[in-house]
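Analysis of the macromolecular model
One letter stands for each residue in the lines below.
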Amino acid sequence: MFASRTQAEIAQELERAQKARLDKNEGMARVCARRAAGLAARAYLSHRGDSPPNCSALDALTILRDHPDVPLPVRQCANHLTLRLTRDHELPVAVDLLVEAKNIISQLELLRGGKIDR
């Protein structure tokens, strides 16, 4: 389980993402989803001693994406969350980054608690 402050920050970013989506601002929804996932990634990596506590959300997700000891489903979510948009401001694959953020957050919580095999 993440620290209560981290949990609150993650929840706040997920709420912002949902609100942005309801307001038809998908770009902001993606940004907030990445920030929420990045908070979880940074907390997880910090707990493992693999990342400086002040790295960016994108840096933390990139470290997770490329880390051979992180389970494949987590690395796949991290990969989706670090994809660059096309020139048309679309993702190059059909994924919902809000769903991906929620997936990676729950997986990292389980990993941090030792409830998932690596």
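Summary of the structure given here. Remember, it's a predicted structure, so these values are computed and weren't measured experimentally.

To continue, consider the side chain of His-67. Here His-67 lies in the loop between helix H3 (57-66) and helix H4 (72-81). For His-67, a relative accessible area of 14% puts it in the buried group. At 3.2 Å, the side chain of His-67 and the backbone nitrogen of Asp-69 are in polar contact. Beyond its immediate sequence surroundings of up to four residues, His-67 is in contact with Arg-48, Asp-50 and Arg-75.

Okay, the packing of H4 against helix H5 (residues 97-112) next. It is at 9 Å that the axes of H4 and H5 come closest, and there the two elements cross at 145 degrees. Like other packed secondary-structure pairs, H4 and H5 cross with a definite hand, here left-handed. Judged by residue contacts, Val-74, Gln-76, Cys-77, Ala-78, His-80 and Leu-81 of H4 engage Leu-97, Glu-100, Ala-101, Asn-103, Ile-104, Gln-107, Leu-108 and Leu-111 from H5. Here the contact of H4 with H5 is built from residues that sort into 9 nonpolar, 4 polar and 1 charged.

So, how was this worked out
- Every chain is numbered on its own, with residues counted from 1 as its sequence reads.
- Per-residue local features of the predicted model are confined to residues with pLDDT of at least 70, and side-chain atom pairs are confined, for both listing and counting, to 80 or more; whole-chain, interface and lining totals are unaffected and use all residues.
- With hydrogens and water set aside, each side-chain value is computed from the structure's full complement of heavy atoms.
- In this text, helices come from DSSP runs of H or I with a minimum length of four residues, and strands from runs of E with a minimum of two, each type numbered from the N-terminal end.
- Only protein chains enter the accessibility calculation, which uses a 1.4 Å probe; a residue is then buried when its area is under 20% of its type maximum, exposed when over 50%, and partly exposed in between.
- By the criterion applied in these results, polar contacts are pairs of N or O atoms within 3.5 Å in which, for protein atoms, one can donate a hydrogen and the other can accept it, and in which residues neighboring in sequence qualify only through two side-chain atoms.
- Whether two residues are in contact is decided by their heavy atoms, any of which lying within 4.5 Å being enough.
- As a rule, the C-alpha atoms of each element are fitted with a line to give its axis, helices using only the stretch in contact, and angles between N-to-C directions run from 0 to 180 degrees.
- A clockwise turn of the near helix away from the far one marks a right-handed crossing, whereas an anticlockwise turn of less than a right angle marks a left-handed crossing.
- Amino acid classes used here: Ala, Val, Leu, Ile, Met, Phe, Trp, Tyr, Cys and Pro are nonpolar; Asp, Glu, Lys and Arg are charged; the rest, including Gly, are polar.

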